[in-house]
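The chain contents come next:
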Amino acid sequence: MTKIAATIDTIIERLSVAGLWIGSIGVLIMFVIVFIEIVVRKLFETSIYISQDYSGYMMAICLALPLGILVRRRGHIKVDVIFSRLPPKVKYCFDLIFLVIMLCYGIALTYICYGLAKDSYDLKAVSIDLSHTPLWIPQSTLVIGIGFFVITLIFEIYKMLFVRSGNTAVPSPAISAGAENK
Amino acid sequence: MIISLIMFATILILVMIGVPIAAALGMTGIVAILLFDPNLLKGAAFTVWANATSFILVSAPLYILMGDMIIRSGASTRFYSGMGLWMRKIPGGLLHTNILACTILSAISGSSVATAATAASVAIPELDKLGYEKKMTYGSIAAGGTLGILIPPSISMIIYCGLTGTSVAECFIAGVIPGLIMSFLFMTYIGVNSLINPDIAPRRGSIVKITLKVASQSLLDVMPILLLAVVVFAGLYLGWATPTELAAIGVFFALILLAINHNFNWKTIFGSASYVARVGSPLLFIIIGAQIFSFALYTWGATQELTVAVTNAPLPPLGIWAILAVLLLVLGMFIDAISMMVLTVPVIFPIMTGLGFDPVWLCVAVTLLLETGLITPPVGMNLFTIQMLAPGSTLGQIARGSLPFVIILFIGVIVVTVFPEIALWLPAHMKTPVGP
């Protein structure tokens, strides 16, 4: 791997970890928002009025921002009953094809999420809760997260094509079944 | 109709060769939408946004957070050990603990794998030491673990509701009686089998002598989880809070358990949150893919075509359900539970509800079928979990131990089909269900 590629690799790794951290903080904020709503409702018979919308926005963050690290750790859920029995060379080709399919999907998804956020910005759409949050702000988290997912995929494909052929010793990320959530 | 078949075939091929499920579903959906009318991509964008921020789905990460924090607090393993003390004397002894503990652990964990892993980590070394038959030990834990997605809270049910708009609270409550019946059937099988063949559960007496101190300690170990299970059930049944709010209450309770067990620190809490982000992100990504695929099916009119074709088929509704059930059973052998849920529900739901089946009942019936998939090879997540936690075990040994429980689960599907009230009676008597 060239020096530039190695630098990009480090940057992507750090951003991926940062994405996971922000997603994790999003999970905790999600809990705090819903819990405060319950306390306020039960004790003071009122509402913070933003719990449904803002917990949803936090979930969007939790969904989108860790996508990069999932690509690097091959953490996406898949059925590998056939894949795991393939010879290494065929497996390598298939893995490359899967990354390309994911890349196409990621680009399409970034495009449609960008369109959504742009429409919200142009139309000055705001949330229906009391905060009247401009919707393009939370929608941008999807664009950023999925956009970074695309960048990570492009770099992973590059690594598979040019790094595995012997130019460098950077290891390919371990395959994970992503099975924890079943 | 041809387009629908092409779409299904594409998905099936992509998934079976190992394409990440989210991409297989989403990409097929996007291509289908582009072929029909590219302007409809805006509709897909709204679908993505609505699901990424759905308040129904918010409960899924929160329940995962609750379960993980409880496991990190050590309360779940102590619960298992505490339960064991009271089950040693009956025929089948500690094998019953596997089932009963899993039944109650299911109420604090929405995942079958987490339930099975918790029980297996404590049970396998202890049962090995006491000379219990390995096959039966593994089978009972694998089967007990399946209850994780039937007894509320259940991540699979949340996903079903997210995909179909069915009430989470009603589905959760509907899973309770079938879950308890399955638990009872599992225990009956263990008891009868132990009477016929006492070697599978030798009564060598307890290693720990039961004194008042030991007994009260075991009750203290059992209480927190039991209390949380009761709070979750009562909260849902009496309509105190929405499933999402109950999840937040559960997380608060888990934080208290962490504090009691001197584990309340940033590292543990952030570790749990990070686990949720790692597990929740691909899960939500799949749901979004599934919703894009559903949207594509809808735009092509495939959902309606299929429903009409199936309802006009020269078969009674129960015959159609039988075919679908066998299909789910076979698919479950190759595809894991969550993936199968997102792949099949968008198609099965309109067909079954079109035939007059209740959506809440369907949730329970599909979940029961998914459970069988968890303990059937070659892809049985609970089998893999136990193999990982039982050094020296083989997949074949675990699968053979699980086989009788697979049959019992299938009997459960038949019973719930013949007597749908088993699932529907409790939701019908709920106090005003709250929220989504």
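Residues numbered from 1 in each chain as written. Chains lettered and ligands numbered in written order. Predicted model: local features only at pLDDT ≥ 70, side-chain atom pairs only at ≥ 80, totals over all residues. Heavy atoms only, no water.

1. Points about the overall build of chain A
Logical step 1: Along chain A, the regular secondary structure elements total five helices and zero strands.
Logical step 2: From first element to last, N terminus to C terminus, chain A shows the α and β order α-α-α-α-α.
Logical step 3: When contacts within chain A are restricted to residue pairs at least 6 apart in sequence, long-range pairs at least 24 apart make up 75% of them.
Logical step 4: Summed over its atoms, the accessible surface of chain A is roughly 8800 Å², and 72% of this surface lies on carbon and sulfur atoms. (Helix = DSSP H or I, 4+ residues; strand = E, 2+ residues; numbered from the N terminus. Contact = heavy atoms within 4.5 Å. Areas by Shrake-Rupley, 256 points an atom, 1.4 Å probe, with all protein chains shown as cover.)

2. Let's talk about the nonpolar core
Logical step 1: Grouped together as the largest cluster of nonpolar side chains are 218 residues, with contacts concentrated most on Leu142 of chain A together with Trp321 of chain B.
Logical step 2: For this core, the element with the highest residue contribution is helix H13 (residues 266-299) of chain B, accounting for 17 residues.
Logical step 3: When sequence neighbours within four positions are dropped, the list of residues in contact with Leu142 of chain A reads Ala60, Leu63, Ala64, Cys113 and Gly147 of chain A together with Val48, Trp49 and Ala52 of chain B.
Logical step 4: One finds Met1, Ala5, Ile12 and Phe148 of chain A within the second-largest nonpolar core, a separate group that totals six residues. (Core = buried A, V, L, I, M, F, W, Y, C linked by side-chain atoms within 4.5 Å. Buried < 20%, exposed > 50% of the residue type's maximum accessible area, 1.4 Å probe, protein only.)

3. A short note on the interface of chain B and chain A
Logical step 1: Every contact between the two is made by 69 residues of chain B and, on the other side, 57 residues of chain A.
Logical step 2: Buried surface at the junction of chain B and chain A, both sides included, amounts to about 5500 Å², of which 80% is carbon and sulfur.
Logical step 3: Run the count over chain B and chain A and you get two salt bridges.
Logical step 4: With a closest N to O distance of 2.7 Å, Glu245 of chain B and Arg41 of chain A form a salt bridge.
Logical step 5: The interface formed by chain B and chain A includes six residue pairs in polar contact (both at pLDDT 80 or more).
Logical step 6: The set of elements that each furnish at least two residues to the side of chain B that touches chain A consists of helix H1 (2-17), helix H2 (21-36), helix H3 (41-52), helix H4 (55-73), helix H7 (112-129), helix H12 (243-260), H13 and helix H16 (337-354) of chain B. (Buried area = accessible area lost by both parts, 1.4 Å probe. Salt bridge = Lys/Arg side-chain N within 4 Å of Asp/Glu carboxyl O. Polar contact = N/O pair within 3.5 Å; in protein donor to acceptor, adjacent residues only side chain to side chain.)

4. Considering helix H17 (residues 359-374) of chain B
Logical step 1: Over its 16 residues, H17 of chain B runs 23 Å from end to end, which matches the ideal 22 Å to within 8%, given 1.5 Å per residue.
Logical step 2: The opening residue of H17 of chain B, the one whose side-chain oxygen lies 2.7 Å from the backbone nitrogen of Val360 of chain B, is Asp358 of chain B. (Expected span 1.5 Å × (residues − 1).)

5. Side note on the pattern of salt bridges
Residues and elements named next belong to chain A.
Logical step 1: By the definition in use, this model includes 15 salt bridges over all chains.
Logical step 2: For Glu156, the salt bridge identified is with Arg74, shortest N-O distance 3.2 Å. Taken together, the positions of Glu156 in helix H5 (residues 136-167) and Arg74 in the loop between helix H3 (67-72) and helix H4 (88-122) put the pair 82 residues apart, joining distant regions of the chain. Judged on exposure class, the residue Glu156 and its partner Arg74 are both buried.
Logical step 3: Because the salt bridges share partners, they merge into one network encompassing Asp9, Glu13, Arg72, Arg73, Arg74, Asp95, Glu156 and Lys159.

6. Let's talk about the state of the cysteines
Residue and element names in this part refer to chain B.
Logical step 1: If you walk through the whole model with that rule in mind, you get zero disulfides over all chains.
Logical step 2: Not engaged in a disulfide, the cysteine Cys171 finds its nearest cysteine sulfur in Cys363; these two sulfurs lie 3.6 Å apart.
Logical step 3: For Cys171, a relative accessible area of 0% corresponds to the buried category. (Disulfide = S-S within 2.5 Å.)

7. Considerations on the side chain of Thr47 of chain B
Residue and element names in this part refer to chain B.
Logical step 1: Among the secondary structure elements, Thr47 is positioned in helix H3.
Logical step 2: Within the local environment of Thr47, its side chain forms a polar contact with the backbone oxygen of Gly43, the two atoms lying 2.9 Å apart.
Logical step 3: Beyond its immediate stretch of four places on either side in the chain, Thr47 contacts Gln291, Ile292 and Phe295.

8. What about the confidence of the model for chain A?
Logical step 1: Mean pLDDT over chain A: 88, with 90% of residues reaching 70 or higher.
Logical step 2: In this model, residues 166-182 of chain A is a region of pLDDT below 50 whose contacts with residues beyond four sequence positions or in other chains number 47 contacts. (pLDDT = per-residue confidence, 0-100.)

9. Focus: a nonpolar patch on the surface
Residue and element names in this part refer to chain B.
Logical step 1: On the surface, a nonpolar cluster with roughly 370 Å² of combined accessible area is contributed by Trp86, Leu219, Met223 and Leu226.
Logical step 2: With three residues, the single largest contributor to the nonpolar patch is helix H11 (residues 212-237).
Logical step 3: Here Met223 is to be found in helix H11.
Logical step 4: The class for Met223 is partly exposed, based on a relative accessible area of 44%. (Patch = residues over 30% accessible without salt bridge, like charges linked within 9 Å, V, L, I, M, F, W, Y side chains within 5 Å.)

10. A word on the packing of helix H6 (residues 94-105) of chain B against helix H8 (residues 134-146) of chain B
All names here are of chain B.
Logical step 1: Viewed as axis vectors pointing N to C, H6 and H8 meet at an angle of 10°, and their least axial separation amounts to 8 Å. Between H6 and H8, the angle is such that the two are roughly parallel. Seen from H6, the contacting residues are Leu95, Asn98, Ile99 and Cys102; seen from H8, they are Met136, Thr137, Ser140, Ile141, Gly144 and Gly145.
Logical step 2: Among the residues forming the contact of H6 with H8, the class breakdown is five nonpolar, five polar and no charged. (Axes fitted to C-alpha atoms, helices over the stretch in contact; angles between N-to-C directions. Parallel < 35°, antiparallel > 145°, perpendicular 65-115°, else oblique. Nonpolar A, V, L, I, M, F, W, Y, C, P; charged D, E, K, R; others polar.)

11. Description of the packing of H2 of chain B against H13 of chain B
Residues and elements named next belong to chain B.
Logical step 1: Where H2 meets H13, the closest approach of the two axes is 7 Å, and the angle between their N-to-C directions is 30°. Between H2 and H13, the angle is such that the two are roughly parallel. As H2 packs across H13, the resulting crossing turns out to be left-handed. Every residue of H13 that contacts H2 at Ile21, Ala22, Leu25, Gly26, Thr28, Gly29, Ile30, Ala32, Ile33 and Phe36 is listed here: Phe285, Ile286, Gly289, Ala290, Ile292, Phe293, Phe295, Ala296 and Thr299.
Logical step 2: Residues belonging to the contact of H2 with H13 are distributed by class as follows: 14 nonpolar, five polar and no charged. (Left-handed = near helix turned anticlockwise from the far one by under 90°.)

12. Points about the packing of aromatic side chains
Logical step 1: Under the defined criterion, the tally for this structure stands at 21 aromatic pairs over all chains.
Logical step 2: When the centroid spacing of 5.9 Å and the interplanar angle of 65° are considered together, the rings of Tyr63 of chain B and Phe172 of chain B count as edge-to-face. Taken together, the positions of Tyr63 of chain B in helix H4 and Phe172 of chain B in helix H10 (residues 168-196) put the pair 109 residues apart, joining distant regions of the chain.
Logical step 3: A residue is classified by how much of its surface remains accessible, and Tyr63 of chain B, at 1% relative accessible area, is buried.
Logical step 4: Among the aromatic residues, those joined into a ring-pair cluster are Phe31 and Phe35 of chain A together with Phe252 of chain B.
Logical step 5: Positioned above the aromatic ring of Phe83 of chain A is the side chain of Lys78 of chain A, whose terminal nitrogen or guanidinium carbon lies 4.4 Å from the ring centre. (Phe/Tyr/Trp six-rings, centres within 6.5 Å; stacked < 30°, edge-to-face > 60°. Lys NZ or Arg CZ within 6 Å of the ring centre and 35° of its normal.)

13. Details of helix H14 (residues 302-311) of chain B
Residue and element names in this part refer to chain B.
Logical step 1: Taken together, the buried positions of H14 are occupied by Ala302, Leu306, Thr307 and Val310. Buried residues in H14, looked at end-on, bunch into an arc of 130°, giving them a common side.
Logical step 2: Along its buried surface, H14 packs onto H1, H13, helix H15 (317-332) and H16. (Arc of directions from axis to C-beta.)

14. Digging into unusual backbone geometry
Logical step 1: Each neighbour pair has its own omega, and for Pro152 of chain B with Pro153 of chain B the value is -5°, a cis peptide bond.
Logical step 2: Positive phi, normally seen in glycine, also occurs at Arg74 of chain A, with a value near 50°.
Logical step 3: If you check the backbone angles, His132 of chain A has positive phi at about 45° while not being a glycine.
Logical step 4: Position of His132 of chain A among the secondary structure elements: in the loop between H4 and H5.
Logical step 5: On the basis of relative accessible area, His132 of chain A is assigned to the partly exposed category, the value being 46%.

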